[in-house]
Amino acid sequence: AARGGFTPSKRAGVRRELAQPLFRNAYALMLNTVVNSGLGLLYWIVAAHAYSEEEVGRGNALISLMVLVSTLTQLNFSGALMRFLPRSGTRSKPLVLAAYGASSVVAVLATAAVMAYCHFARDPGDPLYASAPFAVWFVVATTAWSLFNLQDSALTGLSASTWIPLENGLYGLLKLILLVVVARTSLVDGVFVSWTLPVVALLIPVNLLIFRRFLPRHAAQGA
């Protein structure tokens with residue numbers, strides 16, 4: 001008998017473990033953490049070399065502001081989707097739509113208020129000053145970021161977490177490539193743009209997958 005190594009019995013054990021949705025989802029989420037951390041670290045290393053200290057600082061501040069507003073306006077729907085989707089059956093689609101809709105409305109209102117403050121109450125030389133076009137993009141980006149996080153929770157609740165590392169890995173690569181590309185242009189706020197533009201681009205294909213494949217399958221199983 002072979003000692004050590006990845007023997008047939010061990011491979012069979014791994015397959016049995018991955019066949020259980022609970023374990024498979026847990027491993028996928030752990031892998032997602034590793035992917036996000038690694039690509040995130042690489043992103044800021046490249047940003048530090050490709051942009052000035054002021055640009056990196058402003059980009060980091062804007063991203064932190066976006067994440068803060070998004071987190072507050074998601075109304076804990078992320079936890080609700082992970083908790084209730086597994087047992088929602090034929091009501092899965094209305095639940096996801098309700099989470100998306102409520103979070104989006106609150107995100108737009110809250111972010112518009114924040115951007116109004118940054119535009120009217122800050123001087124043009126202030127690091128957090130926002131021009132009107134940028135304020136519009138910030139509202140769109142924050143709302144998209146909320147939906148981006150909610151779709152991960154929806155995938156988890158639908159026992160489709162194995163797609164999350166793939167989605168976030170693709171997002172990490174896209175924003176890294178865009179970071180380098182934008183650095184060679186005259187576009188301002190390149191760090192923030194490179195961080196948010198791939199989010200908007202990925203919303204459509206991932207949600208098509210959720211609403212056309214996973215939700216109908218989940219509803220059929222729970223009918």
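Residues numbered from 1 in each chain as written. Predicted model: local features only at pLDDT ≥ 70, side-chain atom pairs only at ≥ 80, totals over all residues. Heavy atoms only, no water.

(A) Inspection of a nonpolar patch on the surface at higher detail. Taken together, Phe23, Tyr27 and Met30 make up a surface patch of nonpolar side chains, about 290 Å² in accessible area. Considering the arrangement of structural elements, one finds methionine 30 in helix 2 (residues 21-50). (Patch = residues over 30% accessible without salt bridge, like charges linked within 9 Å, V, L, I, M, F, W, Y side chains within 5 Å. Areas by Shrake-Rupley, 256 points an atom, 1.4 Å probe, with all protein chains shown as cover. Salt bridge = Lys/Arg side-chain N within 4 Å of Asp/Glu carboxyl O. Helix = DSSP H or I, 4+ residues; strand = E, 2+ residues; numbered from the N terminus.)

(B) Highlighting the nonpolar core. Formed by 46 residues in total, the largest nonpolar core has its most connected members in Met115, Phe138, Phe192 and Ile210. Contributing elements (two or more residues each) for this core: helix 2, helix 3 (53-73), helix 5 (92-120), helix 6 (132-157), helix 7 (163-183) and helix 8 (190-222). For this core, the leading source of residues is helix 6, giving twelve residues. (Core = buried A, V, L, I, M, F, W, Y, C linked by side-chain atoms within 4.5 Å. Buried < 20%, exposed > 50% of the residue type's maximum accessible area, 1.4 Å probe, protein only.)

(C) Highlighting the packing of helix 4 (residues 77-84) against helix 6. The contact between helix 4 and helix 6 brings their axes to 7 Å, and the two run at 15 degrees. Here helix 6 runs roughly parallel to helix 4, going by the angle between their axes. Taken as a pair, helix 4 and helix 6 cross one another with a handedness that is right-handed. Residues Phe77, Ser78, Leu81 and Met82 of helix 4 form the contact with helix 6, whose participating residues are Asn149, Leu150, Ser153, Ala154, Thr156 and Gly157. The residue makeup of the contact of helix 4 with helix 6, split by class, is five nonpolar, five polar and no charged. (Axes fitted to C-alpha atoms, helices over the stretch in contact; angles between N-to-C directions. Parallel < 35°, antiparallel > 145°, perpendicular 65-115°, else oblique. Left-handed = near helix turned anticlockwise from the far one by under 90°. Contact = heavy atoms within 4.5 Å. Nonpolar A, V, L, I, M, F, W, Y, C, P; charged D, E, K, R; others polar.)

(D) Summary view of the packing of helix 3 against helix 6. Contact geometry for helix 3 and helix 6: axes closest at 9 Å, N-to-C directions at 50 degrees. Between helix 3 and helix 6, the crossing angle belongs to the class labelled oblique. Crossing geometry of helix 3 relative to helix 6 is assigned as right-handed. Contacts from Arg58, Leu62, Leu65, Met66, Val67, Val69, Ser70 and Thr73 in helix 3 reach Phe134, Phe138, Ala141, Thr142, Trp145 and Ser146 in helix 6. Partitioned by chemical class, the residues of the contact of helix 3 with helix 6 number nine nonpolar, four polar and one charged.

(E) The arrangement of unusual backbone geometry in detail. One non-glycine residue, asparagine 76, lies in the positive phi region at around 60 degrees. Positive phi outside glycine occurs at aspartate 189, with the angle close to 55 degrees. Tracing the backbone through its elements, the reader meets aspartate 189 in the loop between helix 7 and helix 8.

(F) Quick peek at helix 4. Along helix 4, the positions that sit buried rather than exposed are Ser78, Ala80 and Leu81. The arc that holds every buried residue of helix 4, seen down its axis, measures 165 degrees, which confines them to one face. (Arc of directions from axis to C-beta.)

(G) Here's a closer look at the pattern of salt bridges. Tallied over the entire structure, the rule returns two salt bridges. As a salt-bridge pair, aspartate 189 and arginine 58 come within 2.5 Å of each other at their nearest N and O atoms. A residue pair is termed long-range when its members are at least 10 positions apart, and aspartate 189 in the loop between helix 7 and helix 8 and arginine 58 in helix 3 qualify at 131 residues. No difference in accessibility class separates aspartate 189 from arginine 58, as the two residues are buried. Residue arginine 122 is joined to aspartate 126 by a salt bridge in which the shortest nitrogen-to-oxygen separation is 3.0 Å. Since its relative accessible area comes to 25%, arginine 122 is described here as partly exposed. Residue aspartate 126 is classed as partly exposed on the basis of its relative accessible area of 22%.

(H) Local environment of the side chain of serine 146. Here serine 146 lies in helix 6. Take serine 146: its relative accessible area is 0%, and that puts it in the buried class. Each residue touching serine 146, except ones within four places of it in the same chain, is listed here: Ser70, Thr73, Gln74, Ser103 and Ala107.

(I) A look at the packing of aromatic side chains. In this structure the tally under the stated criterion is twelve aromatic pairs. Seen in terms of ring centroids, tyrosine 43 and tryptophan 44 are 5.2 Å apart; in terms of plane orientation they differ by 90 degrees. Their pairing is edge-to-face. Note on tyrosine 43: relative accessible area 0%, which makes it buried. According to the relative accessible area criterion, tryptophan 44 is partly exposed, its value standing at 25%. (Phe/Tyr/Trp six-rings, centres within 6.5 Å; stacked < 30°, edge-to-face > 60°.)

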